[in-house]
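Commentary on secondary and tertiary structure
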2 protein chains.
Amino acid sequence: MKIGILHPGDMGASVGHSARLAGNEVYWSSDGRSARTRERAERACLIDCANLNEVASRCELLLSVCPPQASREVAATVLESGFGGTFVDANAISPGRSRSIAATFDGSGVAYVDGGIVGPAAWQAGSTRLYLSGAEAGTVAGAFKGGPLEPRVIDERIGSASAMKMCFAAWNKGRIALAAEVLAAAAHFGVGDFLRSEWGGDATDARIDTARRIADRAWRWEPEMYEIAATLASAELPDGMHRAAAELYSRLASFKDCAEPPDREALLAALLEPCER
Amino acid sequence: MKIGILHPGDMGASVGHSARLAGNEVYWSSDGRSARTRERAERACLIDCANLNEVASRCELLLSVCPPQASREVAATVLESGFGGTFVDANAISPGRSRSIAATFDGSGVAYVDGGIVGPAAWQAGSTRLYLSGAEAGTVAGAFKGGPLEPRVIDERIGSASAMKMCFAAWNKGRIALAAEVLAAAAHFGVGDFLRSEWGGDATDARIDTARRIADRAWRWEPEMYEIAATLASAELPDGMHRAAAELYSRLASFKDCAEPPDREALLAALLEPCER
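This part covers the interface of chain B and chain A. Contacts between the two partners involve 41 residues from chain B and, on the opposite side, 41 residues from chain A. Sorting the residues of the side of chain B that touches chain A by element identifies α7 (160–189), α8 (192–199), α10 (218–234) and α11 (240–250) of chain B as the ones contributing at least two each. Of the residues forming the side of chain B that touches chain A, the biggest block, 18 residues, is contributed by α7(B). Its residues assigned to classes, the side of chain B that touches chain A comprises 29 nonpolar, six polar and six charged.

This is how it looks when you write it as structure tokens:
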């Protein structure tokens, strides 16, 4: 198949690379993208087109892999391009947002498939799953078969794949935020050594190190936490855990794209510093 | 020493029993308490007094071990009794609440010690710690030395022991609430089997079973979650995680004192049912 990726960040480039290894031709457009994105796309051997309209006209299948807050805009540009194939929104968005984006394609001839990626960038087999739902989910899964990114079809309902992604991230990223908050509180109250004696040194170090390692991308997680909060609220579950996680991750925004993880003290100090809003 | 326990629930009875094993005489009063409390106190071989005033007049050290929302009232009855010894508030309350209760004893001749119990009811050595802070923390620790409940002095500041308890419970009980919420969301959206495939069967079962096992006491945890929220807010950390946990635990209140843990379906259904407030 001819597959287009909009827009290849680290995850998107790995998805494109997976699609290539599964036997497809994979396109993107460098139009308006950064040098870093270009480098990633070249490393993944994606074929560059002049602009998104050219990607849309050459491809039967388009995948949107972008930050959650950009997902609606990317879908709108695809709609405007006159694309008539299958469109997968593979972003970390709530099932409700996915359904609302799907509705914008009604009557356009585009087959909308809901997607959600679980795991790290899919450079290696066995690490990452692409969950899919919708009437054409099986077609998309077929295109990825045999590549490192493992496709998994949930059902025909738009929203199921997004719900799966949201649930997985709710635990994974919620738990990291909870541990970081407790460590910051213990530091604030001067009881860090006692908490360490209760948790054990290894578990304490592991929790601190996890928070240190994700600090460079915490700014990206903030909008995802709001998507999770919306997901939980739509199930009439309390949304406060992930609203709090969003706030905690926003406090780590200064570590964006840091070359080295912050040390323990810098991490805890940032967590304890409320953001001006 | 002569030590009084106010009021021996399961945890309080174990604290009294520990104090006995450490070589003290331990008192309580059955006045106005339930048959179940009486049974517990008798099993722990605590000496019954006619009323709280008699306990206060016979003892040099009083410990308050009660639900967080009752801690202020218990302290007030001790103040009214004319007690002139050392009073330990060992309840799951915020450091701010502990300091505010301590302030009610100013000028009364009572030495206030902040306490926090970490672990299950202290029937066995090695399971449970009594954190202590305040000028007389060492005296209290000395009284418990050699019993199954291990005393640990943090420092002289009122609030440190409560902060330690709050941090420990913030992680422990927050994590259980987070897992329960994610499991409920996955059930709501029909993706429970896929979440199970990501988590693995053993980890999934462990998370469900933990939530099932604590369902009978979730009603007790709700007020504790609000104390944790207040603790975090006082450190200028977001309080939403534990406000959400409070709401989730309140949804399990119908399992109060159930003889058997609810089954998986009943647990998830209760979590998904918003409470009328």
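Following the structure, the description resumes.
In this section: the relation of the copies chain B and chain A. With an RMSD of 0.0 Å, the fit of chain B onto chain A corresponds to turning through 180° and sliding 0.0 Å along the axis. Look at the turn and shift together and you get a two-fold axis relating the two. Taking C-alpha positions as the reference, the residue of chain B nearest the rotation axis is B:M241, at 1.9 Å. With an isologous cut-off of 70% or more, the 100% of interface residues of chain B that recur at the interface of chain A puts this contact in the isologous class.

In this section: the sheet that holds strand β2 (residues 25–29) of chain B. Residue and element names in this part refer to chain B. Read across the open sheet, the eight strands follow the order β3-β2-β1-β4-β5-β6-β7-β8; overall the sheet is mixed. The open sheet has two edge strands with one neighbour each: β3 (47–49) and β8 (150–153). Across the sheet, the mean angle from the axis of one strand to that of its neighbour is 30°, orientation sign disregarded. Note that strand β7 (residues 129–133) and β8 share four bridges and pair parallel.

Now for helix α8 (residues 192–199) of chain A. Within α8(A), burial applies to A:G192, A:F194, A:L195, A:E198 and A:W199. The buried residues of α8(A) occupy one face: seen down the axis, they fall within an arc of 160°. Looking at the buried side of α8(A), the elements it contacts are α7 (160–189) and α9 (201–214) of chain A together with β6 (111–118), β7 and α7 of chain B. Within two residues after α8(A), A:G200 carries a phi angle of roughly 90°, on the positive side.

With that out of the way, let us pick up the pairing of strand β2 (residues 25–29) of chain A. All names here are of chain A. Of all five residues in β2, four are buried, a share of seventy percent or more. Sheet topology places strand β1 (residues 2–6) next to β2; three bridges connect them, and they run parallel. Within β2, the residue paired with K2 across the bridge is E25. Crossover handedness for the path β1 to helix α1 (residues 10–21) to β2: right-handed.

All right, on to helix α4 (residues 71–80) of chain B then. Each α-helix winds once per 3.6 residues, and so residues spaced three or four apart point in a common direction. Residues and elements named next belong to chain B. Listed as buried for α4 are S71, V74, A75 and V78. Taken around the axis of α4, the buried residues stretch over an arc of 100°, which confines them to a single face. Opposite the packed face of α4, turned more than 90 degrees from it, sit the exposed residues E73, A76 and E80. Positive phi shows up at G82, right after α4, with a value of about 80°.

All names here are of chain A. Here the residue pair L6 and H7 is connected by a cis peptide bond, since its omega of -10° sits within 30 degrees of zero. Mapping H7 onto the fold places it in the loop between β1 and α1. Positive phi values are uncommon outside glycine, yet E236 reaches one of about 60°. Among the structural elements, E236 can be located in the loop between α10 (218–234) and α11 (240–250). Residue E236 is classed as partly exposed on the basis of its C-beta count, with 13 C-beta atoms lying within 10 Å. Positive phi is not limited to glycine here, since D257 has a value of about 55°. As for its placement among the helices and strands, D257 is situated in the loop between α11 and α12 (264–271). Accessibility expressed as a C-beta count within 10 Å gives 8 for D257, which makes it exposed.

What follows concerns the confidence of the model for chain A. Across chain A, the average pLDDT comes to 96, with 99% of residues at or above 70. Two numbers describe this predicted complex: its pTM, 0.96, and its ipTM, 0.97.

Residues and elements named next belong to chain A. One open sheet accounts for eight strands, arranged β3-β2-β1-β4-β5-β6-β7-β8; its pairing is mixed. Lying at the two open borders of the sheet, with one neighbouring strand each, are β3 (47–49) and β8 (150–153). Across the sheet, the axes of successive neighbouring strands diverge by a mean angle of 30°, strand direction being ignored.

Okay, the nonpolar core next. In this structure, A:C167 and B:C167 are the most contacted members of the largest nonpolar core, which totals 194 residues. In this structure B:C167 touches A:V182, A:A185, A:A186, A:V191 and A:L195, once residues within four positions along its chain are discounted.

Analysis parameters
Residues numbered from 1 in each chain as written. Chains lettered and ligands numbered in written order. Predicted model: local features only at pLDDT ≥ 70, side-chain atom pairs only at ≥ 80, totals over all residues. Contact = placed C-beta atoms within 7 Å. Helix = DSSP H or I, 4+ residues; strand = E, 2+ residues; numbered from the N terminus. Nonpolar A, V, L, I, M, F, W, Y, C, P; charged D, E, K, R; others polar. Least-squares fit on C-alpha atoms with pLDDT ≥ 70 in both. Pairing = 2+ DSSP bridges. Axes fitted to C-alpha atoms, helices over the stretch in contact; angles between N-to-C directions. Buried ≥ 20, exposed ≤ 12 C-beta atoms within 10 Å, placed from the backbone. Arc of directions from axis to C-beta. Right-handed = clockwise from strand over helix to strand, strands pointing away. pLDDT = per-residue confidence, 0-100. Core = buried A, V, L, I, M, F, W, Y, C linked by C-beta atoms within 7 Å.

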